[in-house]
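Observations on the three-dimensional arrangement
What follows is the residue order along each chain.
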Amino acid sequence: MWGCGALLGARTRSRLWREVLVAWGRRWSAAAPYSASAEPSRVRALVYGHHGDPAKVVELKDLELAAVGGSDVHVRMLAAPINPSDINMIQGNYGLLPKLPAVGGNEGVGQVVAVGSSVTGVKPGDWVIPANAGLGTWRTEAVFSEEALIGVPSDIPLQSAATLSVNPCTAYRMLMDFEQLQPGDSVIQNASNSGVGQAVIQIATALGLRTVNVVRDRPDIQKLTDRLKSLGAEHVLTEEELRKHEMKNFFKDMPQPRLALNCVGGKSSTELLRHLAPGGTMVTYGGMAKQPVIASVSQLIFKDLKLRGFWLSQWKKDHSPAQFKELILTLCSLIGRGQLTAPACSEVPLQDYQRALEASMQPFVSSKQILTMC
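Residues numbered from 1 in each chain as written. Predicted model: local features only at pLDDT ≥ 70, side-chain atom pairs only at ≥ 80, totals over all residues. Heavy atoms only, no water.

Taken together, six strands build an open sheet; the order of strands is β11-β10-β9-β12-β13-β14 and the sheet is parallel. Each end of this open sheet is capped by a strand with a single partner; those strands are β11 (235-238) and β14 (306-309). Each adjacent strand pair in this sheet contributes to an overall mean axis angle of 20°, direction not counted. Strands in contact with helix α5 (residues 167-177) are β9 (186-189), β12 (259-262) and β13 (281-284); relative to β12, the strand with the most contacts, it is inclined by about 150°. Strands in contact with helix α7 (residues 221-231) are β10 (210-215) and β11; relative to β11, the strand with the most contacts, it is inclined by about 150°. (Pairing = 2+ DSSP bridges. Helix = DSSP H or I, 4+ residues; strand = E, 2+ residues; numbered from the N terminus. Axes fitted to C-alpha atoms, helices over the stretch in contact; angles between N-to-C directions. Contact = heavy atoms within 4.5 Å.)

Right, dumping it as structure tokens:
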């Protein structure tokens, strides 16, 4: 089994975390209901002062914890993943760049330590996740405004909470917003072993959709295939298999996909377009190959294929905070029913961040790096 931690399962680890952290939170709340009265804390954070190679520009530094105002929340971070968007942001190659110097990390889960006098949405002991990108989650603790946080159930696995606000949200919105899919319809995607890809497989299965999942060939391809099928993948193909002449007969036994999800670009995206049903849509949400998406004139004219893009940050700008919270709670319901699990991951202590950064940038890595703050 692939998963987080060498000795304990994700659910057992999560239960132990909750027991320790809830007790810790109670001690805090009893001693200091508002952070203004608390003793100063030593905050450790991964900071970068300029853009470049993450392994060279990110440093572990001590920061001063800000004073807590009336609408602020003191949060102790529990876990935070390293996503491709985090790497791109540090490199300076992303659509949203924070002011430098900045704390890395756009996703994660923390526990509320104390709240300001006007905070009503969360209380000490609650679990919270970022409402938007750029919050800087790679740190042991911080003071955030209440509006920058969303409360989540503390009875879901820790890794699921830590990886909730980016990839599953992207997967769900792409499945729901571009084509009116019905149970039995099919979806094709590349980069199927990515965090988004694994979420697409599980959410599609919960919706009664069939998936064709394309991955790059690798030495352990059978292990990866078994892993994805255990999540609900109906078909797992390599890029090379997708290009074979025999694929023309593949969709005789299942409907041609009306939706394609592209995170690669280049030849991979061209192949997805080739297999789309007439009138279908390809949604691009990443460009791992760093090559353009190319569509033939005949595909646009005679097949009436549609090319769209998706960026979760833009979706948030176009929708209210209440709508994003509703999305988060929908995903939490799937997690609670066992229909959505965290991607395969490796927990790495914050002080070993260099190892985690290097691992996250290696090819053919199917395990997401999650920084733990204890």
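Now that the structure has been shown, the text picks up again.
What follows concerns the nonpolar core. The biggest cluster of nonpolar side chains holds 47 residues, and the ones touching the most others in it are Leu 175, Ile 203, Leu 261, Ile 328 and Leu 331. Here this core gets seven residues from one element, more than from any other, and that element is helix α12 (residues 321-336). Ignoring anything within four residues of it in the chain, the contact list for Ile 203 reads Pro 168, Ala 171, Tyr 172, Leu 175, Leu 331, Leu 334 and Leu 340. (Core = buried A, V, L, I, M, F, W, Y, C linked by side-chain atoms within 4.5 Å. Buried < 20%, exposed > 50% of the residue type's maximum accessible area, 1.4 Å probe, protein only.)

The antiparallel open sheet is built from three strands, whose spatial order is β2-β1-β4. Two strands bound the open sheet, and with one partner strand each, they are β2 (58-64) and β4 (102-103). The pairing of strand β1 (residues 42-48) with β4 spans two bridges and is classified as antiparallel. Following the sheet pairing, Val 47 is matched in β4 by Val 103.

A few words on the pairing of β13. Across four bridges, β12 lies against β13 in parallel orientation. Each residue of the ladder has a partner; that of Ala 260, found in β13, is Met 282. This β-α-β element, β12 to helix α9 (residues 266-275) to β13, shows right-handed connectivity. Pairing between β13 and β14: four bridges, direction parallel. What sits directly across from Thr 284, in β14, is Gly 309. (Right-handed = clockwise from strand over helix to strand, strands pointing away.)

Below, the discussion takes up the packing of aromatic side chains. Tallying each qualifying case throughout the model produces three aromatic pairs. On the basis of an interplanar angle of 85° and a centroid distance of 6.3 Å, the ring pair of Phe 178 and Phe 310 is categorised as edge-to-face. Of this pair, Phe 178 sits in the loop between α5 and β9 while Phe 310 is found in the loop between β14 and α11 (312-318), placing the two residues 132 residues apart along the sequence. The same class applies to Phe 178 as to Phe 310, namely buried. Centre to centre, the rings of Phe 250 and Phe 251 are 5.0 Å apart; their planes meet at 85°, and the pair counts as edge-to-face. In this pair, the class of Phe 250 matches that of Phe 251, namely buried. (Phe/Tyr/Trp six-rings, centres within 6.5 Å; stacked < 30°, edge-to-face > 60°.)

This part covers the confidence of the model for the protein chain. Looking at the protein chain as a whole, the pLDDT averages 90, with 89% of positions reaching at least 70. Across residues 1-8, confidence stays below pLDDT 50; counting only partners more than four residues off in sequence or on other chains, it has 13 contacts. Below a pLDDT of 50 lies the segment residues 19-38, which in the model reaches 29 contacts outside its immediate sequence neighbourhood of four places, other chains included. (pLDDT = per-residue confidence, 0-100.)

Glancing now at the packing of helix α6 (residues 195-206) against α7. Put simply, α6 and α7 touch, their axes get as near as 8 Å, and they point 35° apart. Judged by residue contacts, Gln 198, Ile 201, Gln 202 and Thr 205 of α6 engage Arg 227, Leu 228 and Leu 231 from α7. The residue makeup of the contact of α6 with α7, split by class, is three nonpolar, three polar and one charged. (Nonpolar A, V, L, I, M, F, W, Y, C, P; charged D, E, K, R; others polar.)

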